[in-house]
Amino acid sequence: MSSLVEKAKNAAISVSLNKALQYLDKDPETNMVKVMNLVDKVAPEGWYVPQRNAFRKVIEDKNNNWHDLILRVWDLDPGVRNSFFKNFIVNASLSGTALQEETKEKEGCNVPWAILLDPTSACNLHCTGCWAAEYGNRLNLSLEEMDSIVTQGKAIGTYMYIFTGGEPLVRKKDIIALCEKHSDCEFLSFTNGTLIDEEFCQEMLRVKNFVPAISLEGFETANDGRRGSGVYEKVRRAMALLKEHKLPFGISTCYTSQNYKDISSEKFFDMIVDAGALFIWFFHYMPVGNGAAPELLPTAQQRTEVYERIRKFRQTKPIFSMDFQNDAEYVGGCIAGGRRYFHINARGDVEPCVFIHYSNVNIRECTLLDALKSPLFMAYHDGQPFNGNMLRPCPMLENPEKLRAMVKETKAKSTDYEAPEDVDTLCDRCTPYADQWKPQADALWDATCKKKGGQL
C-alpha cells in the first residue's frame with residue numbers, strides 16, 4: 001500500500017513540475033518568485049525549509065551571482081534542462097532520497113545517492129600522477145553489467161550515476177545506450193573532453209540526461225604540463241561546441257602544489273564561466289599508487305589559499321563550485337563507503353571511494369546490497385565521520401591511521417590493477433601530509449565554528 005501511495009505522490013510531483021516548468025519558460029525571471037510562492041503553500045510542514053529560504057533569497061535578489069546562474073541554466077536547451085530538473089531534483093534528490101533512507105533503515109547499511117563506475121580502464125591520455133594511467137586498456141564493465149548496476153541502484157533509490165575511468169567516452173555508444181534505457185536517471189561523466197565532437201553533442205541532445213565534467217588543470221601551461229601538449233586547445237574546442245548546442249557541462253580540476261594558483265584565480269573562474277561551464281568540482285591531489293608523486297601534494301598554506309579563494313568566488317561568480325576536500329562541513333564529513341557514493345572499477349571491484357583501492361567484494365559475484373554490507377563498507381558505516389573537524393574528513397589523506405585499521409581489520413585486498421599497494425605503504429606516504437595539515441585545519445575549523453556561533 002505504501003508503494004502505491006509513493007507512486008501516486010511521485011506522479012503528482014511530476015505533473016506539477018511539468019506545469020511549473022512550462023510556466024517558467026514563458027518568463028523565468030518574473031515567474032520564479034510566483035512558483036516559489038506556490039511551493040511554499042503546498043509543501044509539507046518542515047519540508048526543506050533552509051533550502052527553500054536560501055533559494056527564495058537568491059531568486060528575489062537580481063544582483064546575486066546565484067540569480068545569474070539560474071538564468072544561465074534557463075538558457076540551456078529546454079528538453080535537456082527539463083530532463084535535468086525531473087531526474088536530478090525529483091528522482092535523485094526527492095523521491096530517490098526517501099527510498100534511500102527507507103532502505104538504510106531496513107538493511108542497516110549505507111545507501112548511496114550516487115554510484116561511480118568505470119566503463120573502461122582505457123584512456124587516450126597519460127597524465128602525470130593519474131592512477132588510471134597505470135592500468136592499461138584491458139579492463140571493461142560490459143553494457144549488461146552496467147545496466148544491472150543501474151537497475152539494482154534504482155531499486156534502492158539511487159538515480160545518479162557518474163562515469164570515471166580511464167576515459168569513459170572511449171565507450172560512447174554504450175554510455176548513450178544506458179542513458180537512453182534509463183531515461184529517469186541523470187548521468188554525469190568525468191572526461192578529458194578530447195573525444196567530444198559534433199556527433200556526440202547531437203546524441204546528448206537526443207537522450208537529454210548526460211552531463212560531462214571536463215578535466216582542466218588550469219591554463220595552457222599548467223594543464224598541458226600534466227595532460228600533454230595540445231590538450232588545452234582541444235578542451236577549449238569541446239567547451240565551445242557544448243556551449244553552441246546549449247548543453248550543460250562543468251569542470252573538474254585536481255589541485256596540486258604546481259597548479260593551485262591557476263585554478264583558484266579569478267582569471268580562471270572568469271574563463272570557465274565565459275566558456276559556458278555551470279559548475280566546477282575541485283579535487284585535492286591524492287598520492288595513490290606506486291606511481292604517486294608526493295611532491296604534487298599542496299602545502300598547508302597552499303591548501304588554505306585554495307579554501308579561501310573558492311569561498312570568495314562562491315559569493316561573486318555565477319557558477320556552482322564544490323571543493324570536495326574542504327567542503328565536508330556541508331555533507332557531514334566523508335561521503336564514501338556508500339554514505340553518499342561508492343565506486344566500481346573496470347574489473348568489477350566495489351571500492352568505498354574512487355581514491356581508496358581496497359575491497360572485499362566484486363560486483364560480478366554479489367549484489368549492490370551485498371557490497372554495501374561487506375566488511376569494509378560496514379567499517380565505513382560504523383566509523384563515519386572519521387574526524388570531528390570537517391576540514392580533516394578523509395580516512396586516508398588526513399586520518400591515515402583510520403584507513404590502515406579498517407583495511408587490516410576487514411582483510412580488504414588491494415584492487416590496484418598493476419601493482420597491489422600495501423595499506424601501510426600508502427598510509428605512511430600520507431602521514432607527513434596529515435601531520436602538516438592538522439594545526440592549520442584545526443585553526444581554520446575553530447574560526448569557522450566561532451563565526452557560526454558554536455560547534456557545527
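Up top is the structure these notes are about.
Description of the structure in this document.

1. A few points about the overall build of the protein
Item 1. Counting secondary structure elements, the protein contains 17 helices and 11 strands.
Item 2. For 456 residues, the compact-globule formula gives about 23 Å, and the C-alpha radius of gyration of the protein, at 21 Å, lands near that figure.
Item 3. With the C-alpha coordinates aligned to their principal axes, the bounding extent of the protein is approximately 60 × 55 × 55 Å.
Item 4. Counting all 456 residues of the protein, 57% fall into the buried class.
Item 5. Sequence separation of 24 or more characterises 72% of the internal contacts of the protein that already satisfy a separation of 6 or more.
Item 6. Roughly 19,500 Å² of accessible area belongs to the protein as shown, and the carbon and sulfur atoms make up 55% of that amount.
Item 7. Across the protein, 54 positive and 61 negative side-chain charges occur, with their mean positions spaced 4 Å apart.

2. A look at the sheet that holds strand E6 (residues 279-284)
Item 1. One open sheet accounts for nine strands, arranged E7-E6-E5-E4-E3-E2-E1-E8-E9; its pairing is mixed. For this open sheet the edge positions go to strand E7 (320-323) and strand E9 (350-351), each flanked by a neighbour on one side alone.
Item 2. With four bridges connecting them, E6 and E7 associate as parallel partners. Paired with Phe282 across the two strands is Asp323, which belongs to E7.

3. Quick word on the pairing of strand E4 (residues 210-215)
Item 1. The element E4 is extensively covered by neighbouring structure, given that six of its six residues are classed as buried.
Item 2. Side chains of E4 alternate between two faces, with Phe210, Pro212 and Ile214 and Val211, Ala213 and Ser215 buried alike.
Item 3. In the sheet, strand E3 (residues 186-191) pairs with E4 via five bridges, with the strands oriented parallel. The residue bridging Phe190 from the neighbouring strand is Ala213, located in E4.
Item 4. In this region the chain leaves E3, passes through helix H8 (residues 198-207) and returns to the parallel neighbour E4; the handedness of that crossover is right-handed.
Item 5. Relative to strand E5 (residues 250-255), E4 is paired through three bridges, and the arrangement is parallel. Bridge pairing in E5 links Ile214 to Ile251.

4. Here's the deal with unusual backbone geometry
Item 1. Residues Gly165 and Gly166 are joined by a peptide bond in cis, for which omega reads 15 degrees.
Item 2. Residue placement: Gly166 occurs in the loop between strand E2 (160-163) and helix H7 (172-181).
Item 3. Cis geometry marks the peptide bond from Gln384 to Pro385; its omega dihedral reads -5 degrees.
Item 4. Checked against the element boundaries, Pro385 lands in the loop between helix H15 (375-383) and helix H16 (400-410).
Item 5. With phi around 60 degrees, Lys411 is a residue other than glycine that occupies positive phi space.
Item 6. In this fold, Lys411 is placed in the loop between H16 and strand E11 (413-414).

What counts, and at which threshold
Residues numbered from 1 in each chain as written. Predicted model: local features only at pLDDT ≥ 70, side-chain atom pairs only at ≥ 80, totals over all residues. Heavy atoms only, no water. Helix = DSSP H or I, 4+ residues; strand = E, 2+ residues; numbered from the N terminus. Rg over C-alpha atoms; globule rule 2.2 N^0.38 Å. Buried < 20%, exposed > 50% of the residue type's maximum accessible area, 1.4 Å probe, protein only. Contact = heavy atoms within 4.5 Å. Areas by Shrake-Rupley, 256 points an atom, 1.4 Å probe, with all protein chains shown as cover. Lys, Arg positive; Asp, Glu negative; His and termini not counted. Charge placed at Lys NZ, Arg CZ, Asp CG, Glu CD. Pairing = 2+ DSSP bridges. Right-handed = clockwise from strand over helix to strand, strands pointing away.

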